[in-house]
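# Commentary on secondary and tertiary structure
Residue strings, one per chain:
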Amino acid sequence: MSTYNPPLQDASFVLDQLIGLDQMCNDLKLDEVNSELASVIVEEAGKLASEVLAPLNSVGDQNGATVSEGAVTETQGFSDAYQQFVENGWATLTGPEEFGGQALPNVLGTAVNELWHSSNMAFALCPMLSQGAVEALIAHGSDELKAQYLPQLISGEWTGTMNLTEPNAGSDLAAVSAKAVPDGEQFRISGQKIFITWGDHQMTSNIVHLVLARLPDAPAGVKGISLFIVPKYLLDEQGQPAAQNDVSCVSLEHKMGIHGSPTCVMSFGDNEGAIGYLVGEANKGLSYMFTMMNHARQSVGLQGLSISERAYQQAVQYSQERFQGSNRDGSKIAIINHPDVRRMLMAMKAGNEAMRALAYSAAADIDRAHHGDAASRSRVELYTPIVKGWMTELAQELTSLNVQVHGGMGFIEETGAAQHYRDARILPIYEGTTGIQALDLIGRKTLFDNGTALKHLQQEIQASVDTLRNSESESLQQLGRKLETALKQACNAGDWILDNAAQDKELMGNVSFDNLMMMGYLTGGWLLAKSAIQAEQLKQTDNAYGAPFLNAKISTAQFFADHYLPRVGQHSETILTGLRHTFALDIDLL
Amino acid sequence: MKILVTVKRVIDYNVKVRVKSDNTDVDLANVKMALNPFCEIAVEEAVRLKEAGVATEVVVVSIGPKACQEQIRTALALGADRGIQIETDSMPESLNAAKLLAKVIAEEQPELIVMGKQAIDSDNNQTGQMLAALLDMPQGTFASELKLESGKAQVTREVDGGLQTVELNLPAIVTTDLRLNEPRYASLPNIMKAKRKPLAVKTPADLGVELKEHSKLIQVTPPAERQAGIKVASVDELVEKLKNEAKVI
């Protein structure tokens, strides 16, 4: 099985150089936080990730969770690892101080979450879902609910889940039909929820379910959905888990990946009705979900990076151990020396570094937006569908390349290459499919504001193009020319969309995917080019990275520009056709 | 009881060690550095003694350039209370290190000194022993178990023939072997607290120690690369090769 080495140096480069963590923390008055602390935190988290969580990754794949009599038993070893994770305080990283959190910035949480997901994505989904529940409660819960549930959710003593999906309500949550009936101060919840990640397990003394359901008098559609807290065990007067609530796991899904993460069919109210407590106001549940959406979607985008990084490390390792072909003197050639294998490794490395740059940048913008920066807020809105949509799509390609580097051995389960490929396949689906992200980007995030946020981004990219083209370095000038070409192509397509798609919903839908991917490659290429500018400057000074790393940063940006940036042009061309034949065939001809 | 723990900044054990092209030293430029694993075990043991209520304060000392403060902070994040850095340009050789530590110990007056048995960079395994001689203190080296009772330390030592248990009067010096304990991971709250723990910086001059050159590094060469093996046709051929080529029998 593959080992995992946390990419500490690149993480610190992106945090310190690309994002300017020290400056950011100064601006946001986070006096306690600086790049030095950040690097210690990432390094220490990396130890737990690589030494404790990573070895359990293939164990979870081969021995997934099981269910019996309504209760799920998680993969052996997960519970001990979870206790260690909680005892070491990692669940508290970004939580507010008043509820026992460390109140560290979201961007640092993102850098650390990358490690959890790389080491063991199926495991890391559990704390990720808890974080979602925490955010929902902080934003919308009453003081009483916060006091009862937040400290234990933030410490990790209890975990949280999100119960949204039903058999007939997937991407379209307006169709939610679970019922909530008032019963004194509380509510009785009944109905079935599916695809509930970590819906049940034995790792903690309680599980806090957040459930979308309808009140009896609720209006139809999206405006009639309310959000409830339904604990697995009801709390006694001391706030401790006591009587079991009327909720159970009916069955587990048999999935193509993330076997270590129990995906539950949850049944609420089979008997007297599960007791639930209303979060916020009635009928506002869906809008509450939207307030958490940026963070939740960026978290899944990050998983795309994490799993691709793990796959990349495995490919680098294997390609040095596998010998095929001989030199003239009879010595064997490790496949890492073959150009096509090297191309695949570089494609993975460049893709990963672009994703890291984008994921951390978007996360830092969430921090700035939280502190009231309006420009960052609109940038978060624009970035989020790109982070979720593009990164999880690219993860399909990169984890597939790892299988390819392994050749026949990659198709055989025992090398573990297939696991990353299978695990990655859920990413463009859950938390809003790629299609949903693409529509979000072209509709709400581009047409809705007449392209204002998009234009700001384009201007910033243009500024980097100018810096690159005025650089004394030939490599940077070349990079500048390539980025400029891609930017022009993307601007053409963007203008065309603004001119033509606003009035034509079908046209907008046709080109939305290409627009998403185009923006992904453009933004990724831009952030790597910015990294190259930083690297070139650093080379002139006494620095902590060293020439090999900085030169690699520049070469990787160049490889991205050669290998991926031309895709901006391809997607742009497709957009300009309007893909007008999408609906050319009647359904019976399909 | 005050415990003093020494920690050394060394090349990370995961890093493939490279020799500089001019063979003057190991290449440490932009290489990941870490807390010496044996020192980590020493820190863990001291912190456990504090958690058990036996020790009241754990002080960590490191010698080296400013960068070694990172390793002091790591030890503080594992639970030590305060740090002392003795600032030197490079890592001093064992005897100089022992002399510097002797002065710190004279100032701090700890009842127990816990050290790694050796550092994984130079593998000398001598600073603890030298320090014991300089201070005229009892020493229990290669400890795999440590018990403190009524002013004495019982140390189980890993020796060639098995285990040997010695009893030392305090203050004493104990050096750790691998099996003494399994160090914990630093917790996030402790990493945050470590930032605020005191860290004093001293120079050899402050301690009145003049660093002397007792030995000289002449050359560093990487070990010979392993050659590919061959298959022998018979036992006779094997014996013949072991006798005449390998010259081991």
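Treat the numbers as computed from the prediction; the structure is a model and nothing was measured.

### What to know about the overall build of chain A
Each helix and strand counted, chain A has 19 helices and 14 strands in total. Its C-alpha atoms give chain A a radius of gyration of 24 Å, within 12% of the compact-globule value 25 Å for 590 residues. Per-residue burial over chain A gives 59% buried out of 590 residues. By sequence separation, contacts in chain A at least 24 residues apart represent 75% of the contacts at least 6 residues apart. Roughly 23800 Å² of accessible area belongs to chain A as shown, and the carbon and sulfur atoms make up 50% of that amount. Chain A carries 39 positive and 68 negative side-chain charges, and their two centres are separated by 8 Å.

### Concerning the side chain of aspartate 367 of chain A
Residues and elements named next belong to chain A. By the secondary structure assignment, aspartate 367 is in helix H10 (residues 339-370). Nearest to the buried, unbridged aspartate 367 among oppositely charged side chains is arginine 368, at 7.8 Å. In terms of polar contacts, aspartate 367 uses its side chain to reach the backbone amide nitrogen of asparagine 106, at 2.7 Å. The contact partners of aspartate 367, leaving out residues within four places of it in the chain, are Met24, Leu28, Pro105, Asn106 and Val107.

### Description of empty space enclosed by the protein
All names here are of chain A. Inspection of every chain in the model, using the stated rule, returns 3 cavities of 30 Å³ or more. Each pocket or cavity is described by its volume, and for the largest cavity that value is around 80 Å³. Along its surface, the largest cavity is lined by Asn106, Thr110, Asn113, His295, Gln298, Ser299, Leu302, Ala359, Ala363 and Val387. When contributions to the lining of the largest cavity are tallied by element, the ones reaching two or more residues are helix H6 (106-140), helix H9 (293-321) and H10. Among the elements that make up the lining of the largest cavity, the one with the highest residue count is H9 (4 residues). Of the residues belonging to the lining of the largest cavity, the class tally is 4 nonpolar, 6 polar and no charged.

### Things to note about the interface of chain B and chain A
Contacts between the two partners involve 14 residues from chain B and, on the opposite side, 25 residues from chain A. When residues of chain B are sorted by the area they lose upon contact with chain A, Tyr185, Leu188 and Met192 of chain B head the list and together hold 41% of the total. In this structure, the connection of chain B to chain A is made through 3 salt bridges. Here glutamate 32 of chain A and lysine 195 of chain B are joined by a salt bridge, their closest N and O atoms 3.8 Å apart. Taken together, the connections running from chain B to chain A amount to 6 residue pairs in polar contact (both at pLDDT 80 or more). Here the side of chain B that touches chain A gets 4 residues from one element, more than from any other, and that element is helix H5 (residues 188-194) of chain B.

### A short note on the domain arrangement of chain A
Residue and element names in this part refer to chain A. Considered domain by domain, chain A is made up of domain 1 (158-284), domain 2 (292-432) and domain 3 (435-583). Around 480 Å² of area is buried between domain 1 and domain 2 when both sides are counted, 71% of it from carbon and sulfur atoms. Of all residues in domain 1, Met162, Met256 and Ile258 give up the largest surface area on contact with domain 2, accounting jointly for 77% of the area buried on that side. Summed over the shared surface of domain 1 and domain 2, the result is 0 salt bridges. At the junction of domain 1 with domain 2, the criterion picks out 2 residue pairs in polar contact (both at pLDDT 80 or more). Of the residues assigned to the side of domain 1 that touches domain 2, the class counts are 3 nonpolar, 2 polar and no charged.

### Details of a nonpolar patch on the surface
The grouping of Leu585, Ile587, Leu589 and Leu590 of chain A at the surface amounts to a nonpolar patch, some 510 Å² of accessible area in total. By secondary structure assignment, the location of isoleucine 587 of chain A is in the segment after helix H19 (566-577).

### Thoughts on the environment of leucine 28 of chain A
Residues and elements named next belong to chain A. With respect to the secondary-structure elements, leucine 28 resides in the loop between helix H2 (21-27) and helix H3 (35-53). Overall, leucine 28 belongs to the buried group, its relative accessible area being 11%. For the pair leucine 28 and glutamate 460, spaced 432 residues apart in sequence, the C-alpha separation works out to 22 Å. For leucine 28, the residues in contact, after removing those within four places along its chain, are Asp367, Arg368 and His371.

### Quick notes on the nonpolar core
Formed by 208 residues in total, the largest nonpolar core has its most connected members in Ile41, Trp90, Trp116 and Trp390 of chain A together with Val5 and Leu112 of chain B. Per-element accounting of this core gives the leading share, 18 residues, to H6 of chain A. With near-sequence residues (within four places) excluded, isoleucine 41 of chain A lies in contact with Trp90, Leu93, Leu104, Leu108 and Val112 of chain A together with Leu188, Ile191 and Met192 of chain B. In this structure, Val59, Ile86, Ala97 and Leu131 of chain B belong to the second largest nonpolar core, which totals 21 residues.

### Examining the packing of H10 of chain A against helix H18 (residues 547-563) of chain A
Residue and element names in this part refer to chain A. Contact geometry of H10 with H18 gives a least axis separation of 9 Å together with a crossing angle of 105°. When the axes of H10 and H18 are compared, the pair comes out roughly perpendicular. Counted together, Arg343, Met346, Ala347, Lys349, Ala350, Gly351, Glu353 and Ala354 of H10 and Lys553, Ser555, Thr556, Phe559, Phe560 and His563 of H18 form the full contact between these two elements. Along the lines of polarity and charge, the residues of the contact of H10 with H18 split into 6 nonpolar, 4 polar and 4 charged.

### Regarding the packing of aromatic side chains
All names here are of chain A. Taken as a whole, this structure holds 15 aromatic pairs over all chains when the rule is applied. Taken together, a centroid distance of 5.5 Å and an interplanar angle of 80° make the contact between tryptophan 390 and tyrosine 521 edge-to-face. Of this pair, tryptophan 390 sits in helix H11 (residues 374-406) while tyrosine 521 sits in helix H17 (residues 505-539); the two residues are 131 residues apart in sequence, bridging distant segments of the chain. For the residue pair tryptophan 390 and tyrosine 521, the accessibility class agrees, reading buried in each case. Joined through ring pairs, the aromatic side chains of Phe78, Tyr82, Phe85, Trp90, Trp116, Phe123 and Trp198 make up one cluster. Positioned above the aromatic ring of tyrosine 383, the side-chain terminus of arginine 379 is 5.4 Å from the ring centre.

### Side note on the sheet that holds strand S7 (residues 139-149) of chain B
Residue and element names in this part refer to chain B. The mixed open sheet is built from 9 strands, whose spatial order is S9-S8-S7-S10-S6-S1-S4-S5-S11. Looking at which strands have only one partner, the edges of the open sheet turn out to be strand S9 (162-169) and strand S11 (199-202). Strand after strand, the sheet turns through a mean of 30° between neighbouring axes, direction not considered. Note that S7 and strand S8 (residues 152-159) share 6 bridges and pair antiparallel. Bridge pairing in S8 links lysine 147 to glutamine 154. Lying on the sheet, helix H4 (residues 127-135) is in contact with strand S6 (112-116), S7 and strand S10 (172-176); it crosses S10 at an angle near 175°.

### Brief notes about helix H15 (residues 452-469) of chain A
All names here are of chain A. Its 18 residues give H15 an end-to-end C-alpha distance of 26 Å, which sits within 8% of 26 Å, the value for a rise of 1.5 Å per residue. For H15, the set of buried residues is Ala453, Leu454, Leu457, Gln458, Ile461, Ser464, Val465 and Leu468. Viewed end-on, H15 has its buried residues packed into an arc of 135°, placing them on one side of the element. Buried residues along H15 sit against H11, helix H14 (434-447), helix H16 (474-500) and H17.

### Some points on the pattern of salt bridges
Considering all chains together, one arrives at 42 salt bridges over all chains under this definition. Between aspartate 440 of chain A and lysine 445 of chain A there is a salt bridge, and its shortest N-O distance comes to 2.8 Å. For aspartate 440 of chain A, a relative accessible area of 4% gives the class buried. Between glutamate 158 of chain B and arginine 179 of chain B there is a salt bridge, with the nearest N and O atoms lying 2.7 Å from each other. With glutamate 158 of chain B in strand S8 and arginine 179 of chain B in the loop between S10 and H5, this pair connects stretches of sequence that are 21 residues apart. Judged by relative accessible area, glutamate 158 of chain B falls into the buried class, the value being 18%.

### Points about the pairing of S6 of chain B
All names here are of chain B. Extensive coverage of S6 is indicated by the burial of 5 of its 5 residues. Burial of the side chains of S6 extends over both faces: Leu112, Val114 and Gly116 are buried on one face and Ile113 and Met115 on the other. Bridge analysis of strand S1 (residues 2-6) against S6 gives 3 bridges, and the strand direction is parallel. Paired with leucine 4 across the bridge in S6 is isoleucine 113.

### Focus on the environment of alanine 147 of chain A
Summarising the element assignment, alanine 147 of chain A is placed in helix H7 (residues 143-155). Distance in space between the C-alpha atoms of alanine 147 of chain A and glutamate 98 of chain A is 9.8 Å, their sequence separation being 49 residues.

Cut-offs applied
Residues numbered from 1 in each chain as written. Chains lettered and ligands numbered in written order. Predicted model: local features only at pLDDT ≥ 70, side-chain atom pairs only at ≥ 80, totals over all residues. Heavy atoms only, no water. Helix = DSSP H or I, 4+ residues; strand = E, 2+ residues; numbered from the N terminus. Rg over C-alpha atoms; globule rule 2.2 N^0.38 Å. Buried < 20%, exposed > 50% of the residue type's maximum accessible area, 1.4 Å probe, protein only. Contact = heavy atoms within 4.5 Å. Areas by Shrake-Rupley, 256 points an atom, 1.4 Å probe, with all protein chains shown as cover. Lys, Arg positive; Asp, Glu negative; His and termini not counted. Charge placed at Lys NZ, Arg CZ, Asp CG, Glu CD. Salt bridge = Lys/Arg side-chain N within 4 Å of Asp/Glu carboxyl O. Polar contact = N/O pair within 3.5 Å; in protein donor to acceptor, adjacent residues only side chain to side chain. 1 Å grid on protein atoms, 1.4 Å probe; cavity = no way out; pocket = protein on both sides within 12 Å on 5 of 7 lines; lining within 4 Å. Points joined across faces, edges and corners; volume = space filled by probe spheres on them. Nonpolar A, V, L, I, M, F, W, Y, C, P; charged D, E, K, R; others polar. Buried area = accessible area lost by both parts, 1.4 Å probe. Domains from an automatic or database assignment. Patch = residues over 30% accessible without salt bridge, like charges linked within 9 Å, V, L, I, M, F, W, Y side chains within 5 Å. Core = buried A, V, L, I, M, F, W, Y, C linked by side-chain atoms within 4.5 Å. Axes fitted to C-alpha atoms, helices over the stretch in contact; angles between N-to-C directions. Parallel < 35°, antiparallel > 145°, perpendicular 65-115°, else oblique. Phe/Tyr/Trp six-rings, centres within 6.5 Å; stacked < 30°, edge-to-face > 60°. Lys NZ or Arg CZ within 6 Å of the ring centre and 35° of its normal. Pairing = 2+ DSSP bridges. Expected span 1.5 Å × (residues − 1). Arc of directions from axis to C-beta.

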